[in-house]
Amino acid sequence: MAPKLALVWNERRIDIEYTWVGVAAADAPVMVFLHEGLGSMTMWKNFPDTLCQHLQMRGLVYSRPGYGASTPCAINEHWGVDFMHRQATDILPALLQALDFHQPWLFGHSDGGSIALLFAVRLPESLAGAIVIAPHIFVEDISVNSIRVARETYLHQGVRERLAPYHDDVDSAFFGWNDIWLSPAFRS
């Protein structure tokens, strides 16, 4: 079981699951891995460790609130349209401060890539660099249509069962992500 770090966010305590991978040297540069919209720490599998070993870096892999074994969304809690901004300006800085390291590299995929870019824009002095794969710069019709289809497959075609090994509360992870992406307010 991965360790958890307690933070206060939205006036309540949340626990963030995390793990260190890569080289063990305390002075090695650090890369923080930011998962996709339905991802989690465990869904990265061995990719962060392999990459960090190759680059001689330490890697911090964690699950954002609502995902993996981190604190799930409260019942009837709905993410705001600024959920990625909040991750970039609230959660990620608090996590880095609690773990007492500065100027990491960020590696983000999809929603995680967007979070990395938002962090880089707002706190550029706080990082060494960012690597992003398929970030969302704006909300595209193709993404919204795919997310609408994902809801149907989640409800009727076994996607819930396939995601369950990666999230303690799979409905929190799925509907937190899916509901906000399908919200008309999110389009802007």
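Below is a short write-up of the structure. (Residues numbered from 1 in each chain as written. Predicted model: local features only at pLDDT ≥ 70, side-chain atom pairs only at ≥ 80, totals over all residues. Heavy atoms only, no water.)

What the 6 strands build is an open sheet, ordered β1-β2-β4-β3-β5-β6; its pairing is mixed. Two strands close off the open sheet at either side, each with one partner strand: β1 (4-9) and β6 (129-133). In this sheet, adjacent strand axes meet at a mean angle of 25° when their direction is disregarded. Across the face of the sheet, helix α1 (residues 47-55) comes into contact with β2 (12-22), β3 (30-34), β4 (58-62) and β5 (105-109) while running at roughly 160° to β3. The sheet strands contacting helix α2 (residues 83-98) are β1, β2, β3, β4 and β5, and the helix crosses β1 at an angle near 130°. (Pairing = 2+ DSSP bridges. Helix = DSSP H or I, 4+ residues; strand = E, 2+ residues; numbered from the N terminus. Axes fitted to C-alpha atoms, helices over the stretch in contact; angles between N-to-C directions. Contact = heavy atoms within 4.5 Å.)

Moving on to the environment of Val170. Relative to the assigned elements, Val170 resides in helix α6 (residues 170-182). Considered as a pair, Val170 and Leu38 are 132 residues apart in the sequence and their alpha carbons are 9.3 Å apart. Leave out the neighbours within four places in its chain, and Val170 touches Tyr154, Arg160, Leu163 and Ala164.

What follows deals with the nonpolar core. Within the largest apolar cluster, 42 residues are counted, with the highest numbers of intra-cluster contacts made by Val32, Leu34, Tyr62, Leu92, Leu106, Trp177 and Trp181. The greatest single-element share of this core, amounting to 7 residues, is contributed by α2. (Core = buried A, V, L, I, M, F, W, Y, C linked by side-chain atoms within 4.5 Å. Buried < 20%, exposed > 50% of the residue type's maximum accessible area, 1.4 Å probe, protein only.)

A separate point is unusual backbone geometry. The phi angle at Lys45 is positive, at roughly 55°, despite the residue not being glycine. Structurally, Lys45 is set in the loop between β3 and α1. The class for Lys45 is exposed, based on a relative accessible area of 58%. A positive phi angle is found at Gln56, which is not glycine, with a value near 60°.

Moving on, we come to helix α3 (residues 111-122). Between its first and last C-alpha, α3 extends 17 Å over 12 residues, near the 16 Å set by a 1.5 Å rise per residue. Within α3, the full set of buried residues consists of Asp111, Gly112, Gly113, Ser114, Ile115, Ala116, Leu118 and Phe119. (Expected span 1.5 Å × (residues − 1).)

A word on the packing of aromatic side chains. Applying the stated criterion across every chain yields a total of 15 aromatic pairs. In this structure an aromatic cluster arises from ring pairing among Tyr67, Trp79, Phe83, Trp181 and Phe186. Above the plane of the ring of Trp20 lies Arg58, whose end atom (NZ or CZ) is 4.0 Å from the centre. (Phe/Tyr/Trp six-rings, centres within 6.5 Å; stacked < 30°, edge-to-face > 60°. Lys NZ or Arg CZ within 6 Å of the ring centre and 35° of its normal.)

Let's shift gears to the pairing of β3. When you tally the buried positions in β3, you get 5 out of 5 residues, the bulk of the element. Going residue by residue along β3, you find Val30, Val32 and Leu34 tucked away on one face and Met31 and Phe33 tucked away on the opposite face as well. The pairing of β3 with β4 spans 4 bridges and is parallel. Paired with Val30 across the bridge in β4 is Arg58. In this fold, the crossover linking β3 to β4 by way of α1 has right-handed handedness. Judged from the 4 bridges that link them, β3 and β5 form a sheet pairing that is parallel. Each residue of the ladder has a partner; that of Val32, found in β5, is Leu106. (Right-handed = clockwise from strand over helix to strand, strands pointing away.)

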